[in-house]
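So you can see what is in the structure, the chains are spelled out below.
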Amino acid sequence: MTDAPLLNVSNYSVGFKTERGLARAVDGVSFTIGAGETLGIVGESGSGKSVLNRSIMGLIASSRQIETGSVLFDGSEMVNQDRQNFWGNRIGMIFQDPMTSLNPVMKVGKQVAEPLRQHLGMSKRQAIERTIELFTNVGIPSPAQRTKQYPHELSGGMRQRVMIAIALAAEPEFLIADEPTTALDVTVQKYILDLLNRLQAEHGMAMTLITHDLGIARGRTDQVLVMYGGRVMEHAPTEELFTHTRHPYTEALLASIPRLDHKKHARLTPIPGAPPNIVEPPPGCRFSPRCKYAQARCVQSSPTVDGAEHRYACFFPVGTDAGAEALASNRAAGETATGLKMSHFEVDA
Amino acid sequence: MKYWTQRLTMVLALMLAVSMLTFASMNVLGDPLFNILGPISGDRKTPENLVKIEAAEKQYYLDKPLPERYVRWLGDFVTGDMGVRFAATGQPPVTELVKERLPRSLWLVFMAQVLALAIAVPWGVWSASRSNSLANKASTVAAFGFVSVPNFALAVILYYIFALKLGLFPLRYDASASFLTRKTQLLLPALTLALPGAAVYQRLLRTDLITTLQEDFILTARAKGVPRRQILFRHALRPSLFSVVTIFGVNAGGMIGGALVVETFFGIPGAGTAIVEAILREDFPVVLALVMIIATGFVVLNFVVDILYSILDPRVRS
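Residues numbered from 1 in each chain as written. Chains lettered and ligands numbered in written order. Predicted model: local features only at pLDDT ≥ 70, side-chain atom pairs only at ≥ 80, totals over all residues. Heavy atoms only, no water.

### As for the overall build of chain A
Here comes step 1: A count of helical and extended segments in chain A gives eleven helices and eleven strands.
Here comes step 2: Relative to a compact globule of 349 residues, whose C-alpha radius of gyration would be 20 Å, chain A shows 22 Å and is just as compact.
Here comes step 3: Its C-alpha atoms give chain A principal-axis dimensions of roughly 75 × 50 × 40 Å.
Here comes step 4: Going through the 349 residues of chain A one by one, you find that 52% of them count as buried.
Here comes step 5: Sequence-distant contacts in chain A: of pairs separated by 6 or more residues, those separated by 24 or more amount to 66%.
Here comes step 6: The averaged location of the 36 negative side-chain charges in chain A is 6 Å from the averaged location of its 35 positive side-chain charges. (Helix = DSSP H or I, 4+ residues; strand = E, 2+ residues; numbered from the N terminus. Rg over C-alpha atoms; globule rule 2.2 N^0.38 Å. Buried < 20%, exposed > 50% of the residue type's maximum accessible area, 1.4 Å probe, protein only. Contact = heavy atoms within 4.5 Å. Lys, Arg positive; Asp, Glu negative; His and termini not counted. Charge placed at Lys NZ, Arg CZ, Asp CG, Glu CD.)

### A word on the layout of surface pockets
Here comes step 1: There is about 1000 Å³ of room inside the largest pocket.
Here comes step 2: Forming the walls of the largest pocket are 33 residues, and the residues nearest its centre are I60, A61 and S62 of chain A together with R222 and R228 of chain B.
Here comes step 3: Put simply, the parts of the chain that give the lining of the largest pocket at least two residues each are α1 (49–57) and β4 (65–73) of chain A together with α5 (94–129), α9 (216–223) and α10 (228–236) of chain B.
Here comes step 4: With four residues, α9 of chain B is the largest single contributor of residues to the lining of the largest pocket.
Here comes step 5: Of the residues that constitute the lining of the largest pocket, the class distribution is twelve nonpolar, twelve polar and nine charged. (1 Å grid on protein atoms, 1.4 Å probe; cavity = no way out; pocket = protein on both sides within 12 Å on 5 of 7 lines; lining within 4 Å. Points joined across faces, edges and corners; volume = space filled by probe spheres on them. Nonpolar A, V, L, I, M, F, W, Y, C, P; charged D, E, K, R; others polar.)

### Side note on empty space enclosed by the protein
Here comes step 1: Across all of its chains, the model carries three cavities of 30 Å³ or more by this definition.
Here comes step 2: There is about 70 Å³ of room inside the largest cavity.
Here comes step 3: Together, 13 residues line the largest cavity, and P248, C285, C291, C298 and C314 of chain A are the ones closest to its centre.
Here comes step 4: Class assignment of the residues belonging to the lining of the largest cavity gives a composition of twelve nonpolar, one polar and no charged.
Here comes step 5: Here the second largest cavity is characterised by a volume of approximately 60 Å³.
Here comes step 6: Considering the residues around the second largest cavity, the lining is formed by F169, P170, L171, R172, Y173, Q185, L188, P189, F266 and I268 of chain B.
Here comes step 7: No other element matches helix α8 (residues 179–212) of chain B, which puts three residues into the lining of the second largest cavity.
Here comes step 8: Here the residues of the lining of the second largest cavity sort into eight nonpolar, one polar and one charged.

### Quick notes on the sheet that holds strand β1 (residues 7–18) of chain A
Residue and element names in this part refer to chain A.
Here comes step 1: Taken in spatial order, the four strands line up as β2-β1-β4-β5 in an open sheet, and their pairing is antiparallel. Edge positions in the sheet fall to β2 (21–33) and β5 (76–77), since each has one partner strand and no second.
Here comes step 2: Examined bridge by bridge, β4 and β5 share two bridges and lie antiparallel to one another. Within β5, the residue paired with F73 across the bridge is S76.
Here comes step 3: Along the sheet, α1 contacts β1, β2 and β4; its crossing angle with β1, the most-contacted strand, is approximately 105°. (Pairing = 2+ DSSP bridges. Axes fitted to C-alpha atoms, helices over the stretch in contact; angles between N-to-C directions.)

### A word on the environment of T296 of chain B
Here comes step 1: Following the sequence through the fold, T296 of chain B ends up in helix α13 (residues 284–312).
Here comes step 2: Once the C-alpha coordinates of T296 of chain B and W4 of chain B are considered, the two residues, 292 residues apart in sequence, prove to be 17 Å apart.

### A look at the pairing of strand β3 (residues 38–42) of chain A
Residues and elements named next belong to chain A.
Here comes step 1: The buried count for β3 comes to five of five residues, which makes it a mostly enclosed element.
Here comes step 2: Burial of the side chains of β3 extends over both faces: T38, G40 and V42 are buried on one face and L39 and I41 on the other.
Here comes step 3: Relative to strand β8 (residues 206–211), β3 runs parallel, the two being bridged by five bridges. Opposite G40, over in β8, you have L209 as the bridge partner.
Here comes step 4: Bridging between β3 and strand β9 (residues 223–228) involves four bridges; their strand directions are parallel. The residue bridging L39 from the neighbouring strand is Q223, located in β9.

What follows is the structure, given as structure tokens:
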């Protein structure tokens, strides 16, 4: 890894002015990504993971958006700057739904050729030749014929390959993959993720992989950022995060997905409640209303993200004495400090 | 291909139905004999009148049953003979009259539609891309103004400003002028017809564009670095044209109606004025011929609109 990271995000916040007040979609997020590294960003819907990435890229064209903090990309400050020169050229982006993310009335070849002509100044013919190369590289069979087809003539997996070809056309240094496989079926998912990993290695590209699937994050990232209600809950190197989970939210997420080593017919533990209100949120930890470790302290004040390699924002972390005591006292009381019945969590115990 | 054959058959069936209805209503509701001969048509007792009546009945096939007359008329019509006028002299024949009058109206409506699109597309794209500015609110007011002001009032206003005050356009239409001069003479009348159309197209295009600009693929285009202008014209415009194209076809009919007022005001001897004169004189062959031609034009144009859909959106093709 080089000395200065490619992307250095520090204390970055994004708010939206609404009629009810400022919605803090992203609140004081910090992380760095070096060249060739992959950061997984995990969280449920509404956790701010997509807004974070679109805001970093400057794609949100809203006069109601307010950005604070710092985002250094290759040394240059991006916050509140016009980032158009980076789009496609130095930062590529892949979106969730390949069904709606391609222009339905334009041949796919032309859609790939556009950034080639725009950023690399290629002629029409060079762009077509390069498009065919790109199609071959992302595993699209009979690429020359495919370039002349419209998106509706391709399957979902093929379309996502086209999206990847578009994002990588101008060979960006940094790729943002926003839930690239959520809309695809499982067999295609693996192919697309393998493809992304291979291309990333080939180009030495940095990447953020946004997902709500912890399994995907585990196998394919170097570090993982767990977000909840716009804030970072836990951030650690991937193996460390999964082997020494500290944050109750991460633990809850892990408990809510099925695993192969679960015993047969074991019930999954859902996370009770809904994502928090991000407009004028109450003081205290954002996750406390849904957390089985919650104590009086969690409601009164909000923990900061602390730690060096392994950072987390929790007063009573999982796997520590404080956490064990908190859990024991909640079990004894039958409910948490936020009034959540412990029976919610003891489904299978 | 099968689809288009079906569509074409439907168009032809529709044309036949229109022609039957028009033909029948003209002959049943009116009294052709009276229109040809005047008051003497009811007087079969006077021998000399009876001779005239029988001669007229023979000439116009009025002694034959209606279906036969229809078939005769249709046969003549499709071979380009639109029959004889009911006017006292029967001159000039309907075909000649149509040939003289119709092209002016067609040019007028054609120019109006081209002008309307030329105004509406840049206007709509501009107002969709800056949907909240003050200038945009003014443009909305202007659009509603153009739609709500009646044709004749708009004609007066434009005539006053551009012809009388600024002197940019001639005061009267001169049918004997050269081809190009006649077209410039049509510009102001065409603009009168075009402005309300442009306003409607602009509103539709604006609304559809604003919706299209929210689509995911626009975000993709931005993320890959396509400049704003290209996003508007290359990515967003084409999928946003459906409403405009639909109303474009329908509006063509409305413009023919509007042409009548505009032709009268600007003194253009076109098909609109011809049809009014013919209705007032109950000169049915003229009305019939013009109605048929206008209906054909309308149906064909809307057939073209159908084809346009499939050009605009490849998904319609399959």
